[in-house]
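Each chain is listed here by its residues.
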Amino acid sequence: MSLSGMAIAFKASTSACTAQQLRGHSTRDHCQYGFTHLNEPRSRKGSAALQVRATSGKLDLDFSDPSWRQKYQEDWDSRFNLPHITDIFDLKPRLTTFSLKKNRTPLGDTDASSPDKWNGYVNKDDRALLKVIKYASPTSAGAECIDPDCSWMEHWVHRAGPRKEIYYEPEEVKAAIVTCGGLCPGLNDVIRQIVFTLEIYGVKNIVGIQFGYRGFFEKGLKEMPLSRDLVENINLSGGSFLGVSRGGAKTSEIVDSIQARRIDMLFVIGGNGSHAGANAIHEECRKRKLKVSVVAVPKTIDNDILFMDKTFGFDTAVEEAQRAINSAYIEARSAYHGIGLVKLMGRSTGFIAMHASLSSGQIDVCLIPEVSFTLDGERGVLAHLEHLLKTKGFCVVCVAEGAGQDLLQKSNATDASGNVILSDFGVHMQQKIKKHFKDIGVPADIKYIDPTYMVRACRANASDAILCTVLGQNAVHGAFAGFSGITSGICNTHYAYLPITEVITAPKHVNPNSRMWHRCLTSTGQPDFH
Ligand SMILES: Nc1ncnc2c1ncn2[C@@H]1O[C@H](COP(=O)(O)OP(=O)(O)OP(=O)(O)O)[C@@H](O)[C@H]1O
Ligand SMILES: O=P(O)(O)OC[C@H]1O[C@](O)(CO)[C@@H](O)[C@@H]1O
Ligand SMILES: [Mg+2]
């Protein structure tokens, strides 16, 4: 049967997606026709066992139906339509108060809301294209095809930025900012830009909620009044000016608190969990008919948020990881039969490990959660380390926190937010290496470095600082434009708004069939470990 013939045998449905979603492809919409390793062993020669899946979002597509493309497009457009407060309130907008021309010169334009004199606004119908590659075949590296012929489909998302018309009177607005989940470089940069931008609109009542969602209901945690003066320098240090926390997903209590505090705009800076929380808050506000805009800003060093090119903090974490890798490299190279082992964060994704390996150029073996491997046996990692000691005298290994969990005893423990607490693969690997070389009577000097919190408790680097600045500003523009239940991100190099419901369907993963992972393998020179 031809490849496309095989594919036609499948009718698109969501159910075919799940297993592949986690291992082979990074998004639900990537999880379509295509070939994936599905985590099955690849031979040393690299011949992958290929399988075909056909799925397309929530739609059940029949590709023999001539209108399937139209159906797909309509489904996409409706899924990515942005929830707006006018969905439930009959409101008329007013001209914006946001203008960079304001009081520029003593004689200049003082009418900020004069749209014909300043064209710096984004039209509500502006869109950005999410995907730009036309795959010729489902076997193309990283292919994300919808149908067996890999037809070109347009995936448009809403362009972010200031609108000419707004749905709030700035003088009457009370805006709140909350940072949730783990720390991430750039949190303070985002807080700062949200405050600056709100003030430019004319908002006077801005508060910070302390220690994540907890600050909404924990007695003794007072809201912090925020202003430009107060946040002016907070970007100079890492951490969160407001504090962070996990746990406390009490939507009803949080919305009671929002209601009692008369908050009109809530800015949630956080990862997948925080986004799920933000969406629950948005839904509950709708249910109670509260005119509140809930806008999120994706934060995570793990870079595991769907559709985003990257999340802020990721770049900085990768850069910080270089120090650990370089130290491991120097230690390993200077020792007789030195082995450097570095564990990097990434609960369920290997983006930090992959990018840090690529950028350092010092890694011989990179192990990530998305690609399974064995440690023992002639095709295992340990045998390869033996080979590296024999041929180059030393080696450096980088493991992602979530790698190799299938080789360890599972714990059922979870953190306060319900995230599974992982077994420590770095320590396990260190012990395995020690034992292996002792058993075979080959000297090996292993140096283990776990820089865990050091890669995220630092100040944002230059590129993250810019990303934070734009995302923070766009979050405010989104709220004034009347959107709620949305997030502000960078997609295919453009800044966009996406409905939270779409970005939280699954965490983003490294696609083992992507060019990036292949580039990492080319750089490390590691074989398949099966
Ligand atoms: N499904 C959910 N619904 C509502 N709230 C949630 C949900 N999942 C998590 N939360 C809440 O969101 C907050 C942050 O979640 P979590 O600790 O998982 O961090 P995160 O936002 O995913 O960031 P990180 O990348 O650091 O893990 C917590 O207060 C948690 O209780
Ligand atoms: O120790 P904490 O604060 O729970 O955070 C650890 C987790 O946070 C992250 O940095 C971000 O989700 C993960 O990589 C890591 O597993
Ligand atoms: Mg999380």
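None of these values were measured; they are calculated from a predicted model.

**Points about the overall build of the protein**
Helices and strands together make up the secondary structure of the protein, namely 14 helices and 17 strands. The buried share of the protein, taken over its 530 residues, is 50%. Here the analysis covers contacts within the protein between residues at least 6 apart in sequence; of these, 76% occur between residues at least 24 apart.

**Some remarks on the confidence of the model for the protein**
On average, residues of the protein carry a pLDDT of 88, and 86% of them reach 70 or more. Within the model, pLDDT remains below 50 along residues 1-56, and this stretch shows 121 contacts once partners closer than five positions in the same chain are excluded.

**Topic: the site of ligand 1**
Neighbouring ligand 1 are 21 residues, the closest being G181, G271, G273, G277 and S417. Broken down by element, the residue count for the shell around ligand 1 peaks at six residues, all from helix α7 (residues 272-287). Residues belonging to the shell around ligand 1 are distributed by class as follows: five nonpolar, 14 polar and two charged.

**Points about the environment of K291**
Mapped onto the elements, K291 comes out in the loop between α7 and β11 (293-298). K291 sits in the partly exposed class, given 16 other C-beta atoms within 10 Å. Sequence separation between K291 and R262 is 29 residues, and the spatial gap between their C-alpha atoms is 9.9 Å. Residues contacting K291, with those up to four places away along its chain left out, are I85, F89 and D264.

**Concerning the UniProt feature "domain: Phosphofructokinase" (unreviewed entry) in the protein**
In this structure's numbering, the residues bearing the UniProt feature "domain: Phosphofructokinase" (unreviewed entry) are residues 175-477. Overall, residues 175-477 shows 39% helix and 15% strand. The separation of its end C-alpha atoms is 13 Å.

**Focus: the environment of R94**
Considering the arrangement of structural elements, one finds R94 in strand β3 (residues 94-95). Note: C-alpha distance between R94 and E169 (75 residues apart in sequence) is 8.2 Å.

**Some remarks on the packing of helix α9 (residues 351-360) against helix α14 (residues 515-524)**
Contact geometry for α9 and α14: axes closest at 9 Å, N-to-C directions at 45 degrees. Between α9 and α14, the crossing angle belongs to the class labelled oblique. Handedness of the crossing formed by α9 with α14: left-handed. Two secondary-structure elements touch here, α9 through M354, S357 and L358 and α14 through M516, W517, R519, C520, S523 and T524. A class-by-class count of the residues in the contact of α9 with α14 yields five nonpolar, three polar and one charged.

**Describing the pairing of strand β5 (residues 156-159)**
When strand β4 (residues 127-129) meets β5, the two strands line up antiparallel, connected through three bridges. Bridged to A128 within β5 is V157. Two strands pair when backbone bridges link them, and β5 and strand β17 (residues 494-499) are joined in this way by two bridges, in the antiparallel orientation. Counterpart to R159 in the pairing with β17 is A496.

**Considering the sheet that holds β11**
An order of β4-β5-β17-β16-β11-β10-β7-β8-β9 is seen for the nine strands of this open sheet, with the pairing classed as mixed. This sheet does not close on itself; its edge strands, each paired only once, are β4 and β9 (224-225). Note that strand β16 (residues 486-491) and β17 share six bridges and pair antiparallel. Bridge pairing in β17 places G489 opposite A496. The strands that helix α4 (residues 187-201) touches are β7 (174-179), β8 (205-209), β10 (265-270) and β11; relative to β7, the one it contacts most, it runs at about 175 degrees.

**Describing helix α6 (residues 251-261)**
For α6, the full list of buried residues reads I254, V255 and I258. In a view along the axis of α6, the buried residues occupy a sector of 95 degrees, so they form one face of it. Those residues of α6 that are exposed and aimed more than 90 degrees away from the buried face are S252 and A260. Among the structural elements, β10 and α7 are those in contact with the buried residues of α6. Residue R262 follows α6 closely and has a positive phi angle near 55 degrees.

**Here we look at the nonpolar core**
In this structure, F267 and I352 are the most contacted members of the largest nonpolar core, which totals 136 residues. Among the elements that take part in this core, helix α8 (residues 314-334) stands out by supplying nine residues, more than any other. Residues in contact with I352, not counting those within four places in the same chain, are I301, D302, A317, V318, A321, L344, M345, G346 and A400.

**Observations concerning the UniProt feature "binding site: substrate" (unreviewed entry) in the protein**
Under the local residue numbering, the UniProt record ascribes the feature "binding site: substrate" (unreviewed entry) to T300, I301, D302, M345, G346, R347, E401, Y453, M454, V455 and R456. Dropping the residues within four chain positions of it, G346 is found in contact with D302, F351, I352, A353, A400, E401 and G402. Relative to the helices and strands, Y453 is located in the loop between β15 (445-449) and α12 (462-480). With 11 C-beta atoms packed within 10 Å, Y453 lands in the exposed category.

**Concerning the sheet that holds strand β14 (residues 395-400)**
The strand order across the open sheet built from four strands is β13-β14-β12-β15, with neighbouring strands paired in parallel fashion. Pairing within the sheet leaves two strands with one partner each, and these edge strands are β13 (365-367) and β15. Geometrically, the sheet is characterised by an average inter-axis angle of 15 degrees between neighbouring strands, direction not taken into account. Direction of pairing for β13 relative to β14: parallel, over a ladder of three bridges.

Each value, and the rule that gives it
Residues numbered from 1 in each chain as written. Chains lettered and ligands numbered in written order. Predicted model: local features only at pLDDT ≥ 70, side-chain atom pairs only at ≥ 80, totals over all residues. Helix = DSSP H or I, 4+ residues; strand = E, 2+ residues; numbered from the N terminus. Buried ≥ 20, exposed ≤ 12 C-beta atoms within 10 Å, placed from the backbone. Contact = placed C-beta atoms within 7 Å. pLDDT = per-residue confidence, 0-100. Near = placed C-beta within 6 Å. Nonpolar A, V, L, I, M, F, W, Y, C, P; charged D, E, K, R; others polar. UniProt positions renumbered as here; feature names shortened; annotations may be inferred. Axes fitted to C-alpha atoms, helices over the stretch in contact; angles between N-to-C directions. Parallel < 35°, antiparallel > 145°, perpendicular 65-115°, else oblique. Left-handed = near helix turned anticlockwise from the far one by under 90°. Pairing = 2+ DSSP bridges. Arc of directions from axis to C-beta. Core = buried A, V, L, I, M, F, W, Y, C linked by C-beta atoms within 7 Å.

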